[in-house]
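Coordinates in review
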Amino acid sequence: MPLARSLSMTSLNGLPQWEDEDLPVEDLLLFEVSWEVTNKVGGIYTVIQTKAKITADEWGENYFLIGPYFEHNVKTQVEACEPPNPAVKKAMDTMKSQGCQVFFGRWLIEGSPYVLLFDIGSAAWNLDRWKGEFWDVSNIGIPFHDREANDAVIFGSLTAWFLKEFDDKPNIIAHFHEWQAGVGLILSRSQKLPVATIFTTHATLLGRYLCAASIDFYNNLDQFDIDKEAGERQIYHRYCMERASVHCAHVFTTVSQITAIEAEHMLKRNPDVVTPNGLNIKKFSAMHEFQNLHSMYKARIQEFIRGHFYGHLDFSLEKTLFFFIAGRYEFSNKGADMFLEALSRLNFLLRVHKSDVTVVVFFIMPAKTNNFNVETLKGQAVRKQLWDTAQSVKEKFGKKLYNALLKGEIPDLNKILDRDDITIMKRAIFSTQRHCLPPVTTHNMIDDGNDPILNTIRRIGLFNNRTDRVKVILHPEFLSSTSPLLPLDYEEFVRGCHLGVFPSYYEPWGYTPAECTVMGIPSVTTNLSGFGCFMQEHVADPAAYGIYIVDRRFRSPDESCNQLTQFLYGFCQQSRRQRIIQRNRTERLSDLLDWRYLGRVCETINRGIKSSRHSVCLQHHTEGFRYPRPSSVPPSPSVSQHSSPHHSEGEDEDEDERYDEDEEAERDRQNIKSPFSLGVLPQGKTKQHGEYRN
């Protein structure tokens, strides 16, 4: 039987409502609280890091980030300095005088925001007392064996203590991210501190656990016994902490419409506003510069392919496309299962239609390994040896040719290479002979017999055979420019690829397709990801701009897989010129994802709280805009779009007249200046549970 105390914090008795009174902006302080301030654990780190500059520009010296102190992070990311605000310094000194270690400095990221870091270890001796106080306030008990939850109690208690120490009572807004920071919000409200609070959930705790168990999540949102599900997964206390934080906050936000629907059922509160995640966009002075970067890094990837497929390189690299999927190793949540099935079908289509296009697919998903695969290392060594041989022969050939031309003679090509040169080249050719297939994985997997990706590859038979038009490479490690295999950073690798594929089933936002977009690389996403929903709402024809959205919401898994296959096959049919046009369009969408643009939503929330009229502010819903469908023909061949240009080597002069890059770019720049929707969750759309079919 579920315990009633799990709901005790949804409405604490005696909690004060935020009074309507004018707040002087110059005396207002904004504290943003998260476990991932200077501490990279997941995607929230990226959110806070990229948003810091626009927030610091808006708030100046009145903006502070609060997080945990970890020495290895501080040494490399934080520059120590004195607090510029006397009230902050006084509160810190009070805590230090009572034995707490508090560190202050500037975070060395863009915007250089101030950070206030609490040393959890130095305050651990208070844990039992603080857990008791938290129980008295909320009736939520924290098990002694849950280290993460205990750390959250210490961190939250220190945060609430710090906020309580402002004797002269400057006006304070505190923005808390995720359940790890939620204890501070709960204690601040229970102690009736005069602090305006915002709580943002980037993904519900229980939702992530349920989806990881391959449960039909979205089709049963209103059917789950929440307490029972949380208890069975031994996260009941964490769920209570998250839900209490949501209901105690003055303003509750989330990052996407799909997560807002999830929060309504999992956390029993509708978000007041949706605040999409953004990135810091850096535009090149020349529009074609990102295309040059694509060509440069594509050549680096091609070098790796030459080594990896030595002895089986019977396909043209000029007609080879590079697809990739990257992220946490969550086989079903990230859509790797559907992607592999679609690749099997794509391989069949390319072979049946005798296509000369080859697709090389990278899976960049970290897993446990025993170092590099010997065969993979050998491939790169063979490639380097062949390159050195070719360079030495070329140098000798060049000298003989040069000397002959100086004498005014045309060299005899039959004599310009001697017997030794021929022998060296024959030996080089023999060294490329291979008696096994190119490896599917670049590393030795610790438990390859139970690895879901490798097991699926075995089932569908994608073993990099000569006849396969789809080749698969699993790289179970983060990319690094110092790697002896593929010496590229993640950003460089993405720029060198042709398409990012992220058919996620559970993705509250989705930074991977967003990063592809700002680099001008087309991507595949779904309408169950926050990014996909955002693009559907604001772009009239996402596919024309290189954003392919798979319907995993209204279609069966098999239908969704077929749709993904058609997207991939249609992309393979594009000519090089069509891909260039599409990358130009994709890159122009980056303005939509710029924090300078999306930050308007956060600024609106803060201004609403400043004037104590946030309830009115958040109810105001301006009409959003939609990027129109490009006036020129979409570059994505499709059976359903007869106006799309067909694949051809020769370019149609008529097509040049239809497409004017400068005119189209200017039109897009004008569209993005239209009013932006605050993203308040439409009340009429929250009850459509039957729409989830996948």
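Above this note sits the structure.
What you see is a predicted model; the values in this text were computed from it and never measured. Note that residues are indexed from 1 along each chain, following the sequence as it is written. The predicted nature of this model means local features are confined to residues of pLDDT at least 70 and side-chain atom pairs, given and counted, to a pLDDT of 80 or more, with totals for whole chains, interfaces and linings taken over all residues. Computation of side-chain values: all heavy atoms of the structure, hydrogens and water removed.

Of all seven residues making up strand β7 (residues 195-201), seven are buried, and the element is well covered by its neighbours. Relative accessibility decides the category of a residue: with a 1.4 Å probe and only protein chains considered, values under 20% of the type maximum give buried, values over 50% give exposed, and everything between is partly exposed. Segments assigned H or I by DSSP are reported as helices when at least four residues long, segments assigned E as strands when at least two residues long, and all are numbered from the N terminus. Side chains V195, T197, F199 and T201 project from β7 onto one buried face, and the interleaved A196, I198 and T200 project onto a second face that is buried too. Between any two strands, at least two bridges found by DSSP are needed for them to pair. In the sheet, strand β6 (residues 171-177) pairs with β7 via six bridges, with the strands oriented parallel. Pairing of A174 across the sheet is with T197, part of β7. Handedness of a crossover is defined as follows: orient the strands so they point away from the viewer, and if the path from the first strand over the helix to the second runs clockwise, the crossover is right-handed. A crossover connection joins β6 to the parallel β7 through helix α6 (residues 178-190); in handedness this β-α-β unit is right-handed. Pairing geometry for β7 and strand β8 (residues 251-254), over four bridges, is parallel. Looking at the pairing, I198 lines up with V251 of β8.

With that settled, consider the side chain of T200. In this fold, T200 is placed in strand β7. In protein, a polar contact requires one atom able to donate a hydrogen and another able to accept it; more generally it is a pair of N or O atoms within 3.5 Å, and residues adjacent in sequence count only if both atoms are side-chain atoms. Side chain to side chain, T200 and H175 meet in a polar contact 2.7 Å long. Within the structure, T200 has its side chain in polar contact with the side chain of T253 (distance 2.6 Å). Aside from chain neighbours lying at most four places away, what touches T200 is H175, F176, H177, E178, T253, T254 and V255. The contact definition used throughout considers only heavy atoms, calling two residues in contact when any of these lie within 4.5 Å.

Grouping buried Ala, Val, Leu, Ile, Met, Phe, Trp, Tyr and Cys residues that are joined through side-chain atoms within 4.5 Å yields what is termed a nonpolar core. Membership of the largest hydrophobic core comes to 89 residues, with the highest contact counts inside it found for I305, F323, F362 and F363. Here this core gets nine residues from one element, more than from any other, and that element is helix α12 (residues 336-352). With near-sequence residues (within four places) excluded, F323 lies in contact with L346, V359, V360, V361, F362, L499, V501, L568, F571 and C572. With 77 residues, the next largest nonpolar core counts I66, A160, L206 and L267 among its residues.

So, on to α6. Counting along an α-helix, one turn takes 3.6 residues, and residues three or four places apart therefore face a common direction. By this rule the span expected of a helix is its residue count minus one, scaled by 1.5 Å. Taking 1.5 Å of rise per residue, the 13 residues of α6 would be expected to cover 18 Å, and the 19 Å separating its terminal C-alpha atoms lies within 8% of that figure. The buried fraction of α6 amounts to 12 of the 13 residues, a majority that puts the element mostly inside the structure. Just downstream of α6 lies K192, where phi reads positive at about 55 degrees.

Moving on, we get to the sheet that holds β7. If you walk across this open sheet you meet the nine strands as β3-β4-β5-β2-β1-β6-β7-β8-β9, and the pairing is mixed. A single partner strand is all that each edge strand has here, and the edge strands are β3 (78-80) and β9 (273-274). Direction of pairing for β8 relative to β9: parallel, over a ladder of two bridges. Within the sheet, the bridge partner assigned to T254 lies in β9 and is V274.

Moving on, we get to unusual backbone geometry. One non-glycine residue with positive phi stands out, namely Q234, at about 60 degrees. By the secondary structure assignment, Q234 is in the loop between α8 (226-232) and α9 (236-248). Located in the positive-phi region is N371, a residue other than glycine, with phi close to 85 degrees. Along the polypeptide, N371 turns up in strand β12 (residues 369-372).

The next thing to look at is the sheet that holds strand β15 (residues 499-501). The six strands lie next to each other as β14-β11-β10-β15-β16-β17, forming an open sheet whose pairing is parallel. Across the chains shown, the open sheet's two edge strands, defined by having one partner strand only, are β14 (470-475) and β17 (547-550). Taking the axes of each pair of neighbouring strands and ignoring which way they run, one obtains an average angle of 25 degrees across the sheet. In the sheet, strand β10 (residues 320-326) pairs with strand β11 (residues 358-364) via seven bridges, with the strands oriented parallel. Bridge assignment links A326 to a residue of β11, and that residue is I364. Between the N-to-C directions of two axes lies an angle of 0 to 180 degrees, each axis being a line fitted to C-alpha atoms and, for a helix, fitted only over the stretch in contact.

Each reported salt bridge corresponds to a side-chain nitrogen of Lys or Arg within 4 Å of a carboxyl oxygen of Asp or Glu. Evaluated as defined, the whole model comprises 34 salt bridges. A salt bridge links K319 to D356; the shortest N-O distance between them is 2.8 Å. Placement of the pair is K319 in the loop between α11 (289-308) and β10 and D356 in the loop between α12 and β11, with a sequence separation of 37 residues. For D356, a relative accessible area of 42% puts it in the partly exposed group. With a shortest N-O distance of 3.3 Å, E341 and R345 are connected by a salt bridge. Taken together, the positions of E341 and R345, both in helix α12 and four residues apart, correspond to about one turn of that helix. Salt bridges linked by common partners bring E341, R345, R459 and D558 together as one network.

Position of T442 relative to the elements: it lies in the loop between α14 (419-431) and β13 (443-445). On the accessibility criterion, T442 (1% relative accessible area) is buried. Of note is the side chain of T442, whose polar atom sits 2.7 Å from the side chain of H443.

Of the strand pairs in this sheet, β3 and strand β4 (residues 102-107) are connected by three bridges, and their pairing is antiparallel. Residue pairing across strands places V78 opposite W107, the latter belonging to β4. Relative to strand β5 (residues 114-118), β4 is paired through five bridges, and the arrangement is antiparallel. Opposite G105, over in β5, you have V115 as the bridge partner. With antiparallel pairing between neighbouring strands as the criterion, β4 and β5 make up a hairpin whose turn holds six residues, including G111 at a positive phi of roughly 100 degrees.

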